[in-house]
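Chain by chain, the residues:
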Amino acid sequence: MSREQEAVARARKAFQTGRSKPIEYRIQQLKNLQRMFTERQKVISDAMKKDLNKSEVGTQLYETMGLEGEINLALKKVKEWAAPRPVEKNLLTLSDTVYIQPEPLGVVLIIGAWNYPWAVTIQPLIGAIAAGNAAVVKPSEVCVHTAKVMESLLPLYIDKELYPVVTGGIPETQELLRQRFDHIFYTGNSAVGKVIMEAAAKHLTPVTLELGGKSPCYIDKNCDISIACRRVAWGKYTNCGQTCIAPDYILCDPSIQDRVIAEVKKSIQDFYTDNPKTCPDYGRIINQRHFKRIMALMEDSTIAVGGDNDESDCYIAPTVLRDVKPEAKVMQEEIFGPLLPIIPISSLDEAIKFINKGEKPLALYVFTPDDKIINKMKNETSSGGLLANDCLVHYSVSSLPFGGVGNSGMGCYHGRFSFDQLSHLRSCLIKQLKMEGVNNMRYPPHTPKKLGWARFFILNSVDLGWAGRMALLAVLAVVAAVVIQNYLL
Amino acid sequence: MERQAVNRAKEAFLSGRTRPLEFRLQQLHALQRMITEKETEICTSLKQDINRSQYDTPLLELIGIENEISLAIEKLTQWAAPRQVDRNILTVSDEVYVQPEPLGVVLIIGAWNYPWAVTLQPLVGAIAAGNAAVVKPSELSEYSSLLLRALLPRYLDKDLYPVVTGGVSETQELLRLRFDHIFYTGSSTVGKVVMEAAARHLTPVTLELGGKSPCYIDKNCDIRIACRRITWGKFVNCGQTCIAPDYILCEPCIQGRVVECIRQTLLEFYGADPKCSPDYGRIINQRHFSRIMSLMEGYTPVIGGQTDASQRYIAPTVLKDVPPHSRLMQEEIFGPLLPIVAVSDMDDAIRFVNEREKPLALYIFCSDKKATKKMIEETTSGGVTVNDVMMHYTLSSLPFGGVGQSGMGCYHGKHTFDQLSHQRACLIRSLGMESVNLSRYPPQDRRRARRARMALKSPMIDLSKRTFVWAVSATIIAFGLLVTLLVILLIASGLNCTCWYWRGWYY
């Protein structure tokens, strides 16, 4: 048996013992995970610095703080989430117990990405643990140091049989994909997403795919351009542009292009000083292959800001490209780097047409003070998420489902959505062996009269909503008053 | 031809005419009219396909569809409206909501056992969610699929909701094309093929598959009523129901009684010769007839067993003491054979169920609440009905779907709408209050990080209108009560002095 097969078999056996089901156990594991982030902050930050040149504060801000928030939310709410959820009844089921029972799926496979390795690998893990599953964690091999840290730290804090970490590259991932899971959670690119779904189809395993795409950013000429550009620059150059929801390119009126470029340049200087290479807050490209890929994208466009690079350090300066044409290389694939192309378009309608020509993106950004423009953009386009007048922050609202649509992914997570995504919501109808007379209308031999009764019962649903309950209460109050008046006074 | 239909549907969708709720309501009303006006034709087509009685069709299919359409019409505005969510400190002054949106063009592949229900119920959800839908009914229910192809374009928009008929090759052609969601009802084997085809376009899927739905009868329950309900569930539509109780698990001591009760119930339902009963169905085609016959090979049934290949008739058949490894127990029966497998107690039954693939439905007949709860907790299945069969299908507030090999995704009622929509996260901020954002910009230092930490880890606040109204009215009532209390106290304490005062006034 291969190493991967063993890990999955052990996880399944551990799940079948039933120890991940009790709420107390899930809470205890989540608390241990929480402890790991408080106790090992330094080790985690050091590895992130080596992989992506992320500063210690940067790691906290973009990875571990979000996770701590999610763990806190899960700890607070897991009892509520895992409890039976009562549903509305109809006339036929008035005296029955009807509810939805969330249940664990079994063994979940979580394949992480390298750009925010902790966030995108551990957030699904939090949902998996909270839902009572076992989980095989496969961090991305591209972020070498972080993968090693994950492999060594996780078993020290959480159950090493239920939540094994399996490291490795493509062959190890392919071996894992041959095994049978009850759910696969993948974060990465669309090409590999298709491979994952195809592998999952062989076992009828449901999947959650958090993919990517080119997230458009429309800047209206009537908005406060300096603030808009500040937020866009922050969204773009954080993690050196290697964010799945980074604003990929800007669409704006030609008349404001120069202003946009100047404001972005100013923000870059504010954030990263005149020499971003020496600034501790500016990251690096993850490896040579991606460095070369991003450099090639710049080739046929005009550089307005930045452009300097250093291959030995995988450094590319924060770069803005102007007057970019739709056929340019930089517009053919998701950039995932610190290049910000600006495409001049003459109207909102043209922008909408341009956006709709491409695949549905993971995020859509609109900068405008006008609600009508926001609504038009919302109604005439589709994307995983929509954020007006800011970048990235919809990721941190855990009551919002985070996920893609079309080529940018399927399924969603964060907060309660992670729990629901990794649970089976089982319908439960508890009847009694009485009142068999009511059932006669469904039994043969069939007659028109029986059918009439069936029609009556099924087609009338009883919504004892707020008003109904009040009415019922009023009737009871009147009855009580009458009784008291006549018999007790 | 398939490509043309899909392209036309896509163009029709992009024209935007499915967006307005009025259009969707109008289409739903039209569909409702079709079901009511053409009920006789639909019943006739099912009689020709599967010899279903004219009462069973409304009972099992049409009333359910009517119910779904009425529910969708009633609730569409609510379902399609933006859904408010909780906020945190960072987003307190923003608009935060989830906007349901249409996906685009949905492919609905129907099945032959309840051709109208499993094809039209997803269509109701697709229309309600604002999608276009290509409907591919099963070719095995020939008359029904031809009728659907003739009827649907007369009532619904023929570009948005085309019906594509055909067999395996037409379905394969459809699966090569790109859709925004595929909704498939059928077997697990074909389910894998559908999902693999969908993977090439990253199309999400809903698969309503099947499996062997176990039925456990506890020895201490009312066996007569239990068997009555099971008999109905098993032999309706001649056993060709995805959630039919596939096999019975019970202790050997009650096996005899179970068989007797089933025999009596069968007599009551279908008479001495079910072949002559207008209410007893037939097997859909020769291939399935031969398949089911071969499952019976080597076993002597205690009830039934008679067959007639010319009519594709198999009598309601019960087999007892069936060994777990027999062929009968290896695949979903989907026919009128009811095996009884002996288990020593409930724990043994639980183990038996868990050794096999997760079923679409689990049935438990037991009067002991604690034991029932235990069985539910220690097993898993798409859905559970206790002390009856199949009824969880009829309640539209319950999500109907499988887990594991029995399927993925769910539908019915609002769940269909949600399944065929994209729930788009929307956060509308303003370009003001930039000072709040300062803590996130570089240069990053510890002080800023601490401020950001405070904001990110703040609890979620429920800022919905309902809570606001409650909070305001609660405050007013509390204030009112306080004032009343003070007045009463004042009067009570001042009663002494006011008494004297008033007395003085009178004198």
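On a predicted model such as this, the values are computed, not experimentally measured, just so you know.

Caption draft 1: View of the environment of Lys 13 of chain A. Residue and element names in this part refer to chain A. If you trace the backbone, Lys 13 turns up in helix H1 (residues 3–16). With a relative accessible area of 65%, Lys 13 lands in the exposed category. For the pair Lys 13 and Ala 471, spaced 458 residues apart in the sequence, the C-alpha separation amounts to 54 Å.

Caption draft 2: Quick look at the domain arrangement of chain B. All names here are of chain B. Each assigned domain of chain B is listed here: domain 1 (1–210 + 411–423) and domain 2 (214–405). When each unit is reduced to the centre of its C-alpha atoms, the spacing between domain 1 and domain 2 is 30 Å. Each side of the interface is counted separately: domain 1 has 27 residues, and domain 2 has 25 residues. Of the roughly 2,300 Å² buried where domain 1 meets domain 2, counting both sides, 49% is carbon and sulfur surface. Applying the counting criterion to the domain 1 and domain 2 interface returns 0 salt bridges. For the pair domain 1 and domain 2, the interface holds 11 residue pairs in polar contact (both at pLDDT 80 or more). Broken down by secondary-structure element, the contributors of at least two residues to the side of domain 1 that touches domain 2 are helix H3 (39–50), helix H4 (56–80), helix H5 (115–128), helix H8 (188–199) and helix H14 (414–419). Element by element, the count of residues in the side of domain 1 that touches domain 2 is highest for H4, at 4 residues.

Caption draft 3: Looking closely at the packing of aromatic side chains. Scanning the model with the defined rule gives 24 aromatic pairs over all chains in all. For the pair Tyr 393 of chain B and Phe 400 of chain B, a centre-to-centre distance of 4.8 Å together with 80° between the ring planes defines the contact as edge-to-face. Note on accessibility: Tyr 393 of chain B and Phe 400 of chain B belong to one class, buried. A network of ring pairs unites the aromatic residues Tyr 62, Trp 234, Phe 271, Tyr 272, Tyr 282 and Tyr 315 of chain A together with Tyr 441 of chain B as a single cluster.

Caption draft 4: The interface of chain B and chain A, seen in detail. Contacts between chain B and chain A engage 107 residues on the former and 109 residues on the latter. Buried area between chain B and chain A, summed over both chains or domains, comes out near 9,300 Å², and the portion from carbon and sulfur atoms is 59%. It is Leu 202, Arg 424 and Leu 431 of chain B that lose the most area in chain B upon contact with chain A, and together they represent 9% of the buried surface on that side. One salt bridge in this structure joins Arg 228 of chain B and Glu 436 of chain A, with 3.4 Å as the shortest N-O distance. In this assembly, chain B and chain A are joined by 50 residue pairs in polar contact (both at pLDDT 80 or more). Its residues placed into classes, the side of chain B that touches chain A shows 49 nonpolar, 29 polar and 29 charged.

Caption draft 5: Here's a closer look at empty space enclosed by the protein. Applying the stated criterion to the full structure yields 11 cavities of 30 Å³ or more. Quantified by volume, the largest cavity comes out at close to 490 Å³. Contributing to the lining of the largest cavity are 29 residues, with Ile 458 of chain A together with Leu 59, Leu 60, Tyr 393 and Thr 394 of chain B lying nearest its centre. When grouped by side-chain class, the residues that make up the lining of the largest cavity number 18 nonpolar, 8 polar and 3 charged. Looking at the second largest cavity, its volume works out to about 140 Å³. Looking at the second largest cavity, it is lined by 17 residues, and the ones nearest its centre are Lys 54, Tyr 62, Thr 238, Asn 239 and Asp 281 of chain A. In terms of residue class, the lining of the second largest cavity is made up of 8 nonpolar, 7 polar and 2 charged.

Caption draft 6: Molecular detail of the sheet that holds strand E5 (residues 181–185) of chain B. All names here are of chain B. Reading across from one edge, E4-E3-E5-E6-E15 is the order of the 5 strands in this open sheet, with mixed pairing throughout. Every other strand in the sheet has two partners, leaving strand E4 (132–136) and strand E15 (407–408) as the edge strands with one partner each. One ladder, built from 4 bridges, connects strand E3 (residues 105–109) with E5; its direction is parallel. If you follow Leu 107 over to E5, its bridge partner there is Ile 182. Contacting E3 and E4, helix H1 (residues 2–14) runs over the sheet at an angle of about 155° to E4.

Caption draft 7: Geometry of the packing of helix H5 (residues 117–130) of chain A against helix H6 (residues 144–157) of chain A. All names here are of chain A. The N-to-C vectors of H5 and H6 enclose an angle of 35°; their axes lie 11 Å apart at closest approach. Our pair here, H5 against H6, has a crossing hand that is right-handed. Residue-level inspection shows Pro 117, Trp 118, Thr 121, Ile 122 and Leu 125 of H5 in contact with H6, the latter providing Thr 146, Val 149, Met 150 and Leu 154. A breakdown of the residues in the contact of H5 with H6 according to their chemical character gives 7 nonpolar, 2 polar and no charged.

Caption draft 8: Expanded view of helix H3 (residues 41–52) of chain A. Residue and element names in this part refer to chain A. Between the first and last C-alpha of H3 there are 16 Å, a value that for 12 residues agrees with the 16 Å anticipated at 1.5 Å per step. Among all positions in H3, only Gln 41, Ile 44, Ser 45, Ala 47, Met 48, Asp 51 and Leu 52 are buried. Along the axis of H3, the buried residues cluster in a sector spanning 165°; they form a single face. Summarising the geometry of H3, the exposed residues directed more than 90 degrees from the buried face are Lys 42 and Lys 50. On the buried face of H3, the contacting elements are helix H2 (23–39), helix H4 (56–82), H5 and H6. A positive phi of about 55° marks Asn 53, the residue just after H3.

Thresholds applied
- Residues numbered from 1 in each chain as written.
- Chains lettered and ligands numbered in written order.
- Predicted model: local features only at pLDDT ≥ 70, side-chain atom pairs only at ≥ 80, totals over all residues.
- Heavy atoms only, no water.
- Helix = DSSP H or I, 4+ residues; strand = E, 2+ residues; numbered from the N terminus.
- Buried < 20%, exposed > 50% of the residue type's maximum accessible area, 1.4 Å probe, protein only.
- Domains from an automatic or database assignment.
- Contact = heavy atoms within 4.5 Å.
- Buried area = accessible area lost by both parts, 1.4 Å probe.
- Salt bridge = Lys/Arg side-chain N within 4 Å of Asp/Glu carboxyl O.
- Polar contact = N/O pair within 3.5 Å; in protein donor to acceptor, adjacent residues only side chain to side chain.
- Phe/Tyr/Trp six-rings, centres within 6.5 Å; stacked < 30°, edge-to-face > 60°.
- Nonpolar A, V, L, I, M, F, W, Y, C, P; charged D, E, K, R; others polar.
- 1 Å grid on protein atoms, 1.4 Å probe; cavity = no way out; pocket = protein on both sides within 12 Å on 5 of 7 lines; lining within 4 Å.
- Points joined across faces, edges and corners; volume = space filled by probe spheres on them.
- Pairing = 2+ DSSP bridges.
- Axes fitted to C-alpha atoms, helices over the stretch in contact; angles between N-to-C directions.
- Left-handed = near helix turned anticlockwise from the far one by under 90°.
- Expected span 1.5 Å × (residues − 1).
- Arc of directions from axis to C-beta.

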